[in-house]
Amino acid sequence: MTLTATLDTLHIVVDYLRETLPDHAIVFLRGDLASGKTTLTQAIARAEGIEANVTSPTFSLQHVYGDRLFHYDLYRIDMEAFVGLGLFEEFERPGWHMVEWGSAELESLLSQVGFSLYEVVIEPVGDGRIYRINSLSN
């Protein structure tokens, strides 16, 4: 599915995700720096009634919002370190796991284990964004 939205209409994308994704899903957020990956996670948190300040977990690697929204930034970490830190087991917690900068290696491993995987590819266009939403599960 491809959707186009601005900040004011981002709820269209969030509503589609809420209607389409299962209760437990891992979502790879893909796009260039400042494309809107964290902004989408912020909009999801708001739609879920989460009032916490949603920020990119660049230095902490993971933020947890409420008990069902998990946000990861894996830009600076390789797969071995990710597993060594015990973060792989976090994906077993029920909820949505929003992953920025997830590697193909991580995607492959999660697919082999049988998780429901999705991607949202975000591309800036004008003052809005194009959101391409795909299932990565077989």
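Structural data are supplied above this passage.
Residues numbered from 1 in each chain as written. Predicted model: local features only at pLDDT ≥ 70, side-chain atom pairs only at ≥ 80, totals over all residues. Heavy atoms only, no water.

1. As for the packing of helix α1 (residues 11–20) against helix α2 (residues 37–47)
Viewed as axis vectors pointing N to C, α1 and α2 meet at an angle of 65 degrees, and their least axial separation amounts to 10 Å. What the angle tells us is that α1 and α2 run roughly perpendicular. As α1 runs across α2, the sense of the crossing is right-handed. On the side of α1, the interface is formed by V13, V14, L17 and R18, while α2 contributes L40, A43, I44 and A47. In the contact of α1 with α2, the residues fall into seven nonpolar, no polar and one charged. (Axes fitted to C-alpha atoms, helices over the stretch in contact; angles between N-to-C directions. Helix = DSSP H or I, 4+ residues; strand = E, 2+ residues; numbered from the N terminus. Parallel < 35°, antiparallel > 145°, perpendicular 65-115°, else oblique. Left-handed = near helix turned anticlockwise from the far one by under 90°. Contact = heavy atoms within 4.5 Å. Nonpolar A, V, L, I, M, F, W, Y, C, P; charged D, E, K, R; others polar.)

2. Things to note about unusual backbone geometry
Glycine aside, residues mostly have negative phi angles, and peptide bonds mostly take the trans form. Phi is positive for A34, which is not a glycine, with a value near 65 degrees. Owing to a relative accessible area of 66%, A34 belongs among the exposed residues under this scheme. Phi is positive for W101, close to 60 degrees, though the residue is something other than glycine. Tracing the backbone through its elements, the reader meets W101 in the loop between β5 (96–100) and α4 (104–113). (Buried < 20%, exposed > 50% of the residue type's maximum accessible area, 1.4 Å probe, protein only.)

3. Re the nonpolar core
Counting residues in each nonpolar core, the largest one holds 25 residues, and the members touching the most others are V13, L17, L40, I44, L69, W96 and V120. Going through the elements one at a time, β1 (2–5), α1, β2 (25–30), α2, β5, β6 (117–125) and β7 (128–135) are the ones with two or more residues in this core. The leading source of residues in this core is α2, at four residues. The contacts of V13, once residues within four sequence positions are left out, are L3, A5, L40, Y131 and I133. Listed in part, the 18 residues of the second largest apolar core include I26, F28, F91 and L110. (Core = buried A, V, L, I, M, F, W, Y, C linked by side-chain atoms within 4.5 Å.)

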